[in-house]
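Listed below, chain by chain, are the residues.
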Amino acid sequence: MSTKSAEGTGARSLNRPGFDGDIDLTLAYRDANPKASADDLLSSLRVGCAAMLCSAFPLSVPVERPHIVDAALEAYGRARHKAALMLLDRLPVLEEALLDTLR
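Conventions we followed
Residues numbered from 1 in each chain as written. Predicted model: local features only at pLDDT ≥ 70, side-chain atom pairs only at ≥ 80, totals over all residues. Heavy atoms only, no water. Helix = DSSP H or I, 4+ residues; strand = E, 2+ residues; numbered from the N terminus. Buried < 20%, exposed > 50% of the residue type's maximum accessible area, 1.4 Å probe, protein only. Contact = heavy atoms within 4.5 Å. Areas by Shrake-Rupley, 256 points an atom, 1.4 Å probe, with all protein chains shown as cover. Patch = residues over 30% accessible without salt bridge, like charges linked within 9 Å, V, L, I, M, F, W, Y side chains within 5 Å. Salt bridge = Lys/Arg side-chain N within 4 Å of Asp/Glu carboxyl O. Disulfide = S-S within 2.5 Å. Core = buried A, V, L, I, M, F, W, Y, C linked by side-chain atoms within 4.5 Å. 1 Å grid on protein atoms, 1.4 Å probe; cavity = no way out; pocket = protein on both sides within 12 Å on 5 of 7 lines; lining within 4 Å. Points joined across faces, edges and corners; volume = space filled by probe spheres on them. Nonpolar A, V, L, I, M, F, W, Y, C, P; charged D, E, K, R; others polar. Axes fitted to C-alpha atoms, helices over the stretch in contact; angles between N-to-C directions. Left-handed = near helix turned anticlockwise from the far one by under 90°.

Peer 1: Can you walk me through the overall build of the protein chain in this structure?
Peer 2: When helices and strands are tallied, the protein chain shows four helices and two strands. For the protein chain, the α and β elements follow one another from N to C terminus as β-β-α-α-α-α. Taken over 103 residues, the protein chain has a buried fraction of 27%. Sequence-distant contacts in the protein chain: of pairs separated by 6 or more residues, those separated by 24 or more amount to 49%. Summing over all exposed atoms, the protein chain offers an accessible surface of approximately 6700 Å²; the carbon and sulfur share of this is 59%.

Dropping the structure here:
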């Protein structure tokens, strides 16, 4: 866990799990859109996770354009998949951290 302040968002310093950027981005959106409900802000984490998990890129490249697959694209695909699974695994912790911040 890291201790990080969300500068510019009015958030206090928090002990938060990884993916601080997701929470910071949500808080920045709240600051720009103060009428956004807590439920809408919370659902943005779920939507972001779902979008990452459902995206076909770069997994579709070997099927659609196999000639451009190289080691860098394969590494990117593996890293992206790993990050998506980490986000899914940490989603309950992230949601709780965001709820704590919004209170």
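Peer 1: Quick question: what am I supposed to make of a nonpolar patch on the surface here?
Peer 2: Residues Leu 53, Leu 85 and Leu 88 make up a contiguous nonpolar surface patch of about 240 Å² in total accessible area. Structurally, Leu 85 is set in helix α4 (residues 71-102). Overall, the relative accessible area of 42% leaves Leu 85 in the partly exposed class.

Peer 1: What is the right way to read the state of the cysteines from this model?
Peer 2: Structurally, a disulfide amounts to a covalent bond that connects the sulfur atoms of two cysteines. For the structure shown, the criterion picks out zero disulfides. Cys 49 forms no disulfide, and the closest cysteine sulfur to it belongs to Cys 54, at a distance of 8.9 Å.

Peer 1: Even after reading the chapter, I still don't get the nonpolar core, so can you show me in this structure?
Peer 2: Formed by Ile 23, Leu 27, Leu 42, Leu 45, Cys 49, Leu 87, Leu 91, Leu 94, Ala 97 and Leu 98, the largest nonpolar core amounts to 10 residues. Those elements giving two or more residues to this core turn out to be α1 (20-32), α2 (38-54) and α4. With five residues, α4 is the largest single contributor of residues to this core. Discounting chain neighbours no more than four positions away, the residues touching Cys 49 are Leu 87 and Leu 88.

Peer 1: Could you clarify how one ought to interpret the layout of surface pockets in this entry?
Peer 2: Any empty space left between atoms is shown by rolling a water-sized probe over those atoms. The volume enclosed by the largest pocket comes to roughly 200 Å³. At the level of elements, α1 and α2 are the ones that each hand at least two residues to the lining of the largest pocket. Residue contributions to the lining of the largest pocket peak at seven residues, all from α2. When grouped by side-chain class, the residues that make up the lining of the largest pocket number seven nonpolar, three polar and two charged.

Peer 1: What is the right way to look at the packing of α1 against α2 in this model?
Peer 2: Geometrically, a packed helix pair is captured by the angle between its two axes and the distance between the axes. Running from amino to carboxyl end, α1 crosses α2 at an angle of 145°, the nearest separation of the two axes being 10 Å. When the axes of α1 and α2 are compared, the crossing they make is right-handed. Together, Asp 22, Thr 26, Tyr 29 and Arg 30 of α1 and Leu 41, Ser 44 and Leu 45 of α2 make up the contact between the two elements.

Peer 1: Explanation requested: the environment of Arg 103 in the structure shown.
Peer 2: Within the secondary structure layout, Arg 103 lies in the segment after α4. Given the relative accessible area of 66%, Arg 103 is considered exposed. In this structure the C-alpha to C-alpha distance between Arg 103 and Ala 38, which are 65 residues apart in sequence, comes to 9.2 Å.

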